[in-house]
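The chain contents come next:
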Amino acid sequence: MDMTRRAALMTSAAIASSVLFPMRSFGQETPRKGGVFTVHYGAEQRQLNPSLQASTGVYIIGGKIQEQLVDLDAKGEPVGVLAESWEAAPDGKTITFKLRPGVTWHDGKPFTSADVQFTAMEMWKKILNYGSTLQLFLTAVDTPDPLTAVFRYERPMPLNLLLRALPDLGYVSPRHLYEGKGDIRQNPVNLAPVGTGPFKFVQYERGQHVIAERNPNYWRANAPYLDRIVWRVVTDRAAAAAQMEAGQIHYSPFSGLTISDSARLGKDPRFIVSTKGNEGNARTNTIEFNFRRKELADIRVRRAIAHALDIPFFIENFLGDFAKRGTGPVPSVSTDFYPADNGPQYPFDKKLAAKLLDEAGFKPGTGGTRFSLRLLPAPWGEDISLFATFIQQSLADVGIKVEIVRTDGGGYLKQVYDDHAFDLATGWHQYRNDPAVSTTVWYRSGQPKGAPWTNQWDWTDPTIDKLIDDAATEVDAAKRKALYGDFVRRANTELPIWTPIEQIFLTAISAKARNHSNTPRWGSSSWHDLWLAE
Amino acid sequence: MRVLSLAGRRLAASIPTLILILIGVFLLLQLAPGDTVDAMMAQMGGGDATTARQLREFYGLDLSVWAQLGNYLWRLVRLDLGFSAIYGKPVATVIAERLPATILLMTASLSFAFFFGLILGVVAARGVNKWPDTLISTFGLMFYAMPTFWFGLMAIVVFSIYLQWLPAGGFEDITVSYTGLRRTLDIAQHLVLPTLTLGLFYMAIYLRIMRGSMLEVLNLDFVRTARSKGMDETRVVVRHVLRNALLPMVTLIGLQAGTMLGGSVVVESVFSLPGLGRLAYESVIQRDLNTLLGIVFVSALLVIAVNFIVDLLYARLDPRITTGS
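Calculation rules
- Residues numbered from 1 in each chain as written.
- Chains lettered and ligands numbered in written order.
- Predicted model: local features only at pLDDT ≥ 70, side-chain atom pairs only at ≥ 80, totals over all residues.
- Heavy atoms only, no water.
- Helix = DSSP H or I, 4+ residues; strand = E, 2+ residues; numbered from the N terminus.
- Rg over C-alpha atoms; globule rule 2.2 N^0.38 Å.
- Buried < 20%, exposed > 50% of the residue type's maximum accessible area, 1.4 Å probe, protein only.
- Contact = heavy atoms within 4.5 Å.
- Areas by Shrake-Rupley, 256 points an atom, 1.4 Å probe, with all protein chains shown as cover.
- Lys, Arg positive; Asp, Glu negative; His and termini not counted.
- Charge placed at Lys NZ, Arg CZ, Asp CG, Glu CD.
- Patch = residues over 30% accessible without salt bridge, like charges linked within 9 Å, V, L, I, M, F, W, Y side chains within 5 Å.
- Salt bridge = Lys/Arg side-chain N within 4 Å of Asp/Glu carboxyl O.
- pLDDT = per-residue confidence, 0-100.
- Phe/Tyr/Trp six-rings, centres within 6.5 Å; stacked < 30°, edge-to-face > 60°.
- Lys NZ or Arg CZ within 6 Å of the ring centre and 35° of its normal.
- Buried area = accessible area lost by both parts, 1.4 Å probe.
- Polar contact = N/O pair within 3.5 Å; in protein donor to acceptor, adjacent residues only side chain to side chain.
- Core = buried A, V, L, I, M, F, W, Y, C linked by side-chain atoms within 4.5 Å.
- Pairing = 2+ DSSP bridges.
- Axes fitted to C-alpha atoms, helices over the stretch in contact; angles between N-to-C directions.
- Parallel < 35°, antiparallel > 145°, perpendicular 65-115°, else oblique.
- Left-handed = near helix turned anticlockwise from the far one by under 90°.
- Nonpolar A, V, L, I, M, F, W, Y, C, P; charged D, E, K, R; others polar.

(A) Representation of the overall build of chain A in the model. Scanning chain A for helices and strands turns up 18 helices and 21 strands. In summary, chain A has a C-alpha radius of gyration of 24 Å against a globular reference of 24 Å for 534 residues, a match within 12%. If you line up chain A on its principal axes, its C-alpha atoms span 75 × 55 × 40 Å. For chain A, buried positions account for 61% of its 534 residues. Put simply, 71% of the contacts in chain A that link residues at least 6 apart link residues at least 24 apart. Of the roughly 18,900 Å² that chain A leaves accessible, carbon and sulfur atoms contribute 54%. Of note, chain A has its 61 positive side-chain charges centred 2 Å away from the centre of its 59 negative side-chain charges.

(B) Seen up close, the overall build of chain B. Looking only at helices and strands, chain B has 13 helices and 0 strands in total. Overall, chain B shows an N-to-C arrangement of helices and strands of α-α-α-α-α-α-α-α-α-α-α-α-α. Its C-alpha atoms put chain B at 85 × 55 × 40 Å along the principal axes. A separation threshold of at least 6 residues defines the contact pool for chain B, and within that pool the share at least 24 residues apart is 73%. Counting every atom, chain B has about 16,100 Å² of accessible surface; 69% of that belongs to carbon and sulfur. Within chain B, one finds 25 positive and 20 negative side-chain charges whose respective centroids are separated by 13 Å.

(C) Seen up close, a positive patch on the surface. Residues and elements named next belong to chain B. Taken together, the side chains of K229, R235, R239, R243 and R316 present a region of like positive charge at the surface. Considering each element in turn, the positive patch owes the most residues, 3 residues, to helix α10 (residues 233-270). By the secondary structure assignment, R235 is in helix α10.

(D) Looking closely at the confidence of the model for chain B. The pLDDT averaged across chain B works out to 84; a share of 97% of its residues lies at or above 70. Predicted complex, confidence summary: ipTM 0.82, pTM 0.86.

(E) Region of interest: helix α9 (residues 259-266) of chain A. Burial runs high along α9 of chain A: 6 of the 8 residues are buried. Of all the positions in α9 of chain A, only I259, D261, S262, A263, L265 and G266 of chain A are classed as buried.

(F) Structural detail: the packing of aromatic side chains. Residues and elements named next belong to chain A. Under the defined criterion, the tally for this structure stands at 39 aromatic pairs over all chains. Ring geometry for F37 against Y251: centres 6.1 Å apart, planes inclined by 25°, an arrangement best described as stacked. One end of the pair, F37, is in strand β1 (residues 36-41); the other, Y251, is in strand β11 (residues 251-252), with 214 residues separating them in the sequence. The exposure class assigned to Y251 is buried, which follows from its relative accessible area of 0%. With a centroid separation of 5.6 Å and an interplanar angle of 75°, the aromatic rings of Y251 and W527 are classed as edge-to-face. A residue pair is termed long-range when its members are at least 10 positions apart, and Y251 in strand β11 and W527 in the loop between β20 (513-514) and β21 (531-532) qualify at 276 residues. Residues Y251 and W527 agree in their burial class; the two are buried. Taken together, W380, Y412, Y417, F422, W442, W453 and W457 form an aromatic cluster joined through their ring pairs. Just above the ring of W428 sits the side chain of R283; from NZ or CZ to the centre is 3.9 Å.

(G) Local environment of the interface of chain B and chain A. On the chain A side, the residues contacting the 46 residues of chain B number 48 residues. Across the chain B/chain A interface, buried area totals approximately 3,900 Å², and carbon plus sulfur atoms make up 54% of it. Considering only the side of chain B, the residues that lose the most area to chain A are Q43, M44 and I174 of chain B, jointly responsible for 17% of the buried surface there. Our count for the chain B to chain A interface comes out at 1 salt bridge. Note that D408 of chain A and R287 of chain B form a salt bridge whose closest N and O atoms lie 2.7 Å from each other. Linking chain B with chain A are 10 residue pairs in polar contact (both at pLDDT 80 or more).

(H) Main features of the nonpolar core. Within the largest apolar cluster, 145 residues are counted, with the highest numbers of intra-cluster contacts made by F37, L69, F97, F151, L395 and W527 of chain A. Beyond its immediate sequence surroundings of up to four residues, F151 of chain A is in contact with L69, K93, T94, I95, F97, V116, A120, W124, L138, A140 and V141 of chain A.

(I) Summary view of the sheet that holds strand β17 (residues 424-430) of chain A. Residues and elements named next belong to chain A. With mixed pairing, 6 strands are arranged side by side in an open sheet as β14-β18-β13-β17-β15-β16. Each edge of the sheet is formed by a strand with only one pairing partner; in this case those strands are β14 (323-325) and β16 (400-404). Across the sheet, the axes of successive neighbouring strands diverge by a mean angle of 30°, strand direction being ignored. The pairing of strand β13 (residues 282-289) with β17 spans 7 bridges and is antiparallel. Counted as the bridge partner of E288 is A425 from β17. Sheet strands touched by helix α12 (residues 311-319): β14 and β18 (497-504). Its angle to β18, the strand with the most contacts, is close to 30°. Relative to the sheet, helix α15 (residues 409-418) contacts β13, β15 (371-377) and β17, its axis offset from that of β15 by approximately 135°.

(J) Spatial organisation of the confidence of the model for chain A. Averaged over all residues, the pLDDT of chain A is 91; the fraction at 70 or higher stands at 95%. A low-confidence stretch, residues 1-25 of chain A (pLDDT under 50), is modelled with 29 contacts involving residues beyond four sequence positions or located in other chains.

(K) Fine view of the packing of helix α11 (residues 299-307) of chain A against helix α13 (residues 350-359) of chain A. Residue and element names in this part refer to chain A. Their axes nearest at 8 Å, the elements α11 and α13 cross at an angle of 165°. Relative to α13, α11 is oriented roughly antiparallel. Pair α11 / α13 crosses with left-handed handedness. Contacts between α11 and α13 involve R300, V301, R303, A304 and H307 on the former and, on the latter, K350, L352, A353, L356, L357 and E359. Residues that form the contact of α11 with α13 fall into these classes: 6 nonpolar, 1 polar and 4 charged.

(L) Region of the structure containing the pattern of salt bridges. Residues and elements named next belong to chain A. Tallying each qualifying case throughout the model produces 40 salt bridges over all chains. Residue R264 is joined to E245 by a salt bridge in which the shortest nitrogen-to-oxygen separation is 3.1 Å. Here the residue R264 occupies a position in helix α9, and E245 occupies one in helix α8 (residues 237-245), the gap between them amounting to 19 residues. We classify R264 as partly exposed; its relative accessible area is 37%. Among the residues examined, E245 registers a relative accessible area of 12% and is labelled buried. Put simply, D465 and R444 hold a salt bridge, and the shortest N to O gap is 3.1 Å.

(M) Quick peek at a nonpolar patch on the surface. A surface patch of nonpolar side chains, amounting to about 340 Å² of accessible area, comprises F115, F116, I119 and V123 of chain B. As for its position among the elements, F115 of chain B is in helix α5 (residues 91-126).

(N) Quick peek at the side chain of Q415 of chain A. With respect to the element layout, Q415 of chain A can be found in helix α15. Not counting the four nearest positions on each side in its chain, Q415 of chain A is found in contact with R374, L376, T407, H420, A421 and F422 of chain A together with P33 of chain B.

(O) Seen up close, unusual backbone geometry. Cis peptide bonds are those with omega within 30 degrees of zero, and the linkage from A223 of chain A to P224 of chain A qualifies with -5°. Its location among the elements puts P224 of chain A in the loop between β9 (209-214) and β10 (228-233). Non-glycine residue N515 of chain A carries a positive phi angle of around 60°. Inspection of the secondary structure puts N515 of chain A in the loop between β20 and β21. With phi around 65°, N129 of chain B is a residue other than glycine that occupies positive phi space. Tracing the backbone through its elements, the reader meets N129 of chain B in the loop between α5 and α6 (131-145).

This is the structure we're talking about:
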């Protein structure tokens, strides 16, 4: 089985190069109007409004219907969508957005600064995950005229942080459908979203499909090209691959297929399998250490565990070209923040690992075992499960016995972040284009018990806390980058979490699609320029 | 009248069972770590502690387990299944939306399995140890041994990808909207593969039971009597043997109606059908207690209903069952 997987992955370089293929013919083709684009929808969410929930499962649908103030362009730079321009005051406490004129909601009402004000204060600040942290010091949004929104902050807000966070955390909702209509979370509009985007919501049949159709009054000229988008709910990954082959699905986003099916479809000329268009959705595989265990509170043990794992071997044999060695909490795709020096890297060295463990005073007992650990793998993906087994086998070689405890999503979060019933945990850290959005909370002390994906390791470091706090309010972009460099080096030295593998989501898409994967968060973007060739 | 009193007794006996099942499922789910708010955070990829507290209050999860159970049972007495956390609608509505697909799939595959299991069982029994028997038994064993999900995926590969005769999944074609007869045909087309996948496994069981039961009855005294009267073999089989041999088959259907609801999780997932099995699976993952208990309740009602029909059939097939008690 491993041999076939390996053989399959050997060809993934060929897959990556086949991405360039449609690009060549691209310039000569005239975009075709019409067509139905079908999308694999693997995990249904409780609602579809991206102003209330920041996750790919919502963006994949809501991101075509609602729009945000800014998005990222092909080069990963912020580009205006509902905002035309922006400006920050020198003290960083006021940021002014000029809004796009002539934009209307799908129900015909005009889009104005009042919508931005309401969404920012009632949704981003109060409900949206990561939004509530980002906008913690937002005190008010002023609306001097219908096309100007002035964000006022209690502490300086770095403009580059806000602009890199807003593509995910800046979707606007229609004020007139939410204000005075009771609990925002229970509003029925959340399941039948109304936006300004290129596609209008039509129907949601739970467990079956979601349908959206072309918005004839869209503000971009001659857009969109597609008549309809249909999202098909397919929970079984193998069945999704079969439906792609049968022509029932055009696109499976965010690594929705199994690793082996992705490799197989990549060799088929009818499909393109690539990481392109997902650069804004980088993630790292993590190992979290629980400092409540005296063994793991010893830095020599944490370093020994890192040295005991042959990461390049694991990547080559299980993940192929779609993953690479991770260097720290900031992934290499983050051009704005990736530091030149990442600090200590812990290459594979079993002897050194054993030596460190001996030094720490954990000598092998009977049967060669030094001590035992409970490892909780997160249930989000196939790679995590494989990695957990790899950790178990590698650590057995240096005398650490690992028991793997598997749970589902709710159980994992509860046991790791609330009950702290783990010794080692392994999952993903999602990087969201700026370390302040969802990265530094993994390291900053003082996180409330039970908050998922935050520092629950019982590890406190005043140095890193100060770096994080300083960087969060530093308005000078160069100084901010330098502070995050220090942060990364400190994180890698102290090693409360290790981030040994860096991955980008995989896209599997029909070769008939044009203008796809052309921005770093394409799967989440509005698809106003996507079209289907005959 | 006898039938009605039998029915009444059966129904009365099933109510305590139903309540015990509901309490059991409720307590079992309490043992699973995490609640629906944890599951929601897992799905969202983040969330802060204040939001989590507000949501727990909203869903009534801040109460003690016994208070939650009490609330649930009290609502149930008033025939209120509660509100679904993941769907944001009353549980009764959520289930009503999913029920048609499940019942359609269940009835289709059960009828298929019963009909072909019966015929093949009779054919095998009549030619016992000759080639039709060997052939049928071998195929039966194969279908019985094959895992359903694998068989389903292989059926998709052959009939949808290579031959392109049938759709690979879904309940109906959503890229075009059909109405009336065309829509019925479309749905039927979508259900062919799932029905075969689910049905062939059960057919294998039925044909073996039927074969065994036929062989047993064929050796009984009254069959010899019938033959000695000079009746031809077909009449013996149809009039005398079949009716008696059917009893174990009917028993099995009653027992398996419940299993089929559960077994269809796999088939529903592989063929992307919006049925109760998948809904139940998702409710567990999402810790949506109300929906899960609602499904258990409805499934239990379905099983009770099927068993009731089976009891009536017994009475029809073998009058001793009602009069003998």
